[in-house]
Amino acid sequence: MARVSYHLLLIINCILLCINQCASRKGKLHKLNEDNWNQLLTGEWMVEFFAPWCPACQSLQPNWESFSTWSDELNIRVAHIDVTTNPGLSGRFMVTALPTIYHVKDGEFRQYKGSRETAAFVDFIEEKRWQKIDAVSKWTHPNSFQMSIVSYFFKISMGLRAVHNRLVQDYGIPYWGSYILFALATILLGAILGLIIVCVIDILFPYKHSSFDQDSLTSGERDSAEDLIQDAHSDPSKDSKEIRKRKRPCEDVGDGDTEMPISKNTDSKKDS
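Report follows, based on the coordinates. Because the structure is predicted, anything quoted here is derived from the model rather than measured.

Rules and cut-offs
- Throughout, residues of each chain are indexed from 1 in the direction in which the sequence is written.
- In keeping with the model being predicted, local features are shown solely for residues with a pLDDT of at least 70 and side-chain atom pairs are shown and tallied solely at 80 or more, while totals for entire chains, interfaces and linings include all residues.
- No hydrogens and no water enter the side-chain calculation; it runs on all heavy atoms of the structure.
- For the purposes of this entry, the term helix denotes a DSSP run of H or I that reaches at least four residues, the term strand denotes a run of E that reaches at least two, and both are numbered from the N terminus.
- Any residue under 20% of the maximum accessible area for its type is buried, any over 50% is exposed, and the rest in between are partly exposed; the area is computed with a 1.4 Å probe on protein chains only.
- Any two residues whose heavy atoms approach within 4.5 Å are treated as being in contact.
- The rule is simple: put a 1 Å grid over the protein atoms alone, call a set of points where a 1.4 Å probe fits but cannot get out a cavity, call an open set with protein on both sides within 12 Å along at least five of seven lines a pocket, and count a residue as lining if it has an atom within 4 Å of a point.
- Grid points are joined across faces, edges and corners, and a volume is the space filled by probe spheres set on the points.
- Side-chain atoms within 4.5 Å are what join buried Ala, Val, Leu, Ile, Met, Phe, Trp, Tyr and Cys residues into a set we call a nonpolar core.
- Being paired, for any two strands, means DSSP has found at least two bridges between them.
- Polar contact is defined as a pair of N or O atoms within 3.5 Å, subject to the rule that within protein one atom must be able to donate a hydrogen and the other to accept it, and that residues adjacent in sequence are counted only when both atoms are side-chain atoms.

1. As for the environment of Val78
Phase 1: In this fold, Val78 is placed in strand β3 (residues 77-82).
Phase 2: What makes Val78 buried here is its relative accessible area of 0%.
Phase 3: Note: C-alpha distance between Val78 and Lys28 (50 residues apart in sequence) is 7.2 Å.
Phase 4: In this view, Val78 contacts Lys28, Leu29, His30, Met46, Trp64, Phe67, Ser68 and Ser71; residues no more than four positions away in its chain are not counted.

2. What about the layout of surface pockets?
Phase 1: Within this model, the largest pocket holds a volume of roughly 230 Å³.
Phase 2: As for the largest pocket, its lining consists of Trp53, Val83, Thr84, Pro87, Ser90, Val95, Leu98, Phe154, Met158 and Arg161.
Phase 3: At the level of elements, α4 (87-92) and α6 (145-169) are the ones that each hand at least two residues to the lining of the largest pocket.
Phase 4: With 3 residues, the top contributor of residues to the lining of the largest pocket is α6.

3. Here's the deal with the nonpolar core
Phase 1: The biggest cluster of nonpolar side chains holds 19 residues, and the ones touching the most others in it are Leu40, Val47, Phe49 and Phe93.
Phase 2: Tallying contributions element by element places strand β2 (residues 44-50) first for this core, with 4 residues.
Phase 3: Every residue in contact with Leu40, bar those within four places of it in the chain, is listed here: Leu32, Trp45, Val47, Phe93, Val104, Gly107 and Phe109.
Phase 4: Counting 15 residues, the second-largest nonpolar core is a separate cluster that includes Leu60, Ile76, Ile101 and Tyr112.

4. What to know about the side chain of Ser151
Phase 1: Secondary-structure assignment places Ser151 in helix α6.
Phase 2: Overall, Ser151 belongs to the buried group, its relative accessible area being 1%.
Phase 3: Discounting chain neighbours no more than four positions away, the residues touching Ser151 are Gly88 and Arg92.

5. Digging into the pairing of β3
Side chains on a regular strand alternate between the two faces of the sheet.
Phase 1: With respect to burial, β3 is a largely interior element, 5 of its 6 residues being buried.
Phase 2: In this sheet, β3 lies alongside β2 in parallel orientation, the contact comprising 6 bridges. When the bridges of β3 are listed, Val47 appears paired with Ala79.

6. Some words on the environment of Arg77
Phase 1: For Arg77, the position within the fold is in strand β3.
Phase 2: Residues Arg77 and Gly43 lie 34 residues apart in sequence; the distance between their C-alpha atoms is 8.2 Å.
Phase 3: When neighbours within four sequence positions are excluded, Arg77 is seen to be in contact with His30, Gln39, Thr42, Gly43, Glu44, Trp45 and Met46.
Phase 4: Within the structure, Arg77 has its side chain in polar contact with the backbone oxygen of Thr42 (distance 3.4 Å).

7. Examining unusual backbone geometry
Phase 1: Residue Leu98 is joined to Pro99 through a cis peptide bond whose omega torsion reads -10°.
Phase 2: Despite not being glycine, Asn75 has its phi angle at roughly 60°, a positive value.
Phase 3: For Asn75, a relative accessible area of 66% puts it in the exposed group.
Phase 4: Positive phi is not limited to glycine here, since Lys128 has a value of about 55°.
Phase 5: Along the chain, the position of Lys128 falls in the loop between α5 (118-126) and α6.
Phase 6: A relative accessible area of 45% means that Lys128 is categorised as partly exposed.

Right under this line is the structure:
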C-alpha cells in the first residue's frame, strides 16, 4: 500500500513539474502591422510574414505558435505579420516568398532560411547562429527612405487590385473592360501631370525675349555690326560682275550700229 502511494505521489509530482515548465515557457505571439512594426527596431525578435491562404504558412503555424511559448525563456519576442492586410510591409521587407522569417537584433535584420521545426528555432536563438548570417544592407534596410517609397508603391498596387476585383465581381465588368478603364485612366493622369509640370516650369523659368541693345556694344563691335549690314545691302559679288562683262561684247555684236572688225586674212584674199 505504501509503495502504491509512493508511485502515485511520484506521478503527481511529474505532472505538476510539466505544468510548471509549460507555464514558465508560456509566451506571447505578437501581431504586428503597419502602425506598430517599428517595435522591431529595438530588442531581439523573430518575425514571420505569412498569408492565410498559403499552405506552407498553414503548416508552419503550429510550430511557430509553439516557438512563441519559448519567448520568455529565450528573452526574445516572437511575432507574425499578415501580408494580405499589410501590403506596405511586404514591400518594405521585400517579401518575395511565403513564409518569410526574419531575425532582428537591435535594428539589424537577418533572413532565417533554416528548418521550420520548433527545436530548430530554439537552437537558432540559444546557439546564436544568427551571428553567422550577414545582416541586410543599409540600402535595403526596412527603415530606410527608399524602402519607405517602395512600401507606398506596394500599397498603391494593392489598392488598384482591390478596385479591379470590385469592378469585376461587384459590377460585372469583364476583365478586358477593366484593363481598358485602367489604361484610359493612366493616359488621362499622365496628360494632367504633364500639363501641371509644364505650367510649373513656365512659372519658375519664364521665357525671356532677347533684344539687340546697341548702347551696350563697344565702338568696335558697333562698327563691325554696321559693316555686316552694309555688306548685306551692297551690290552683287565680283563673280557676277565678271560674268556681265563677258556677256557684254556678245550683246554689242547683235546691235545694228556697231561694225564688225575685219580680220587681216580677209584683206589679204582681196589683194590677191
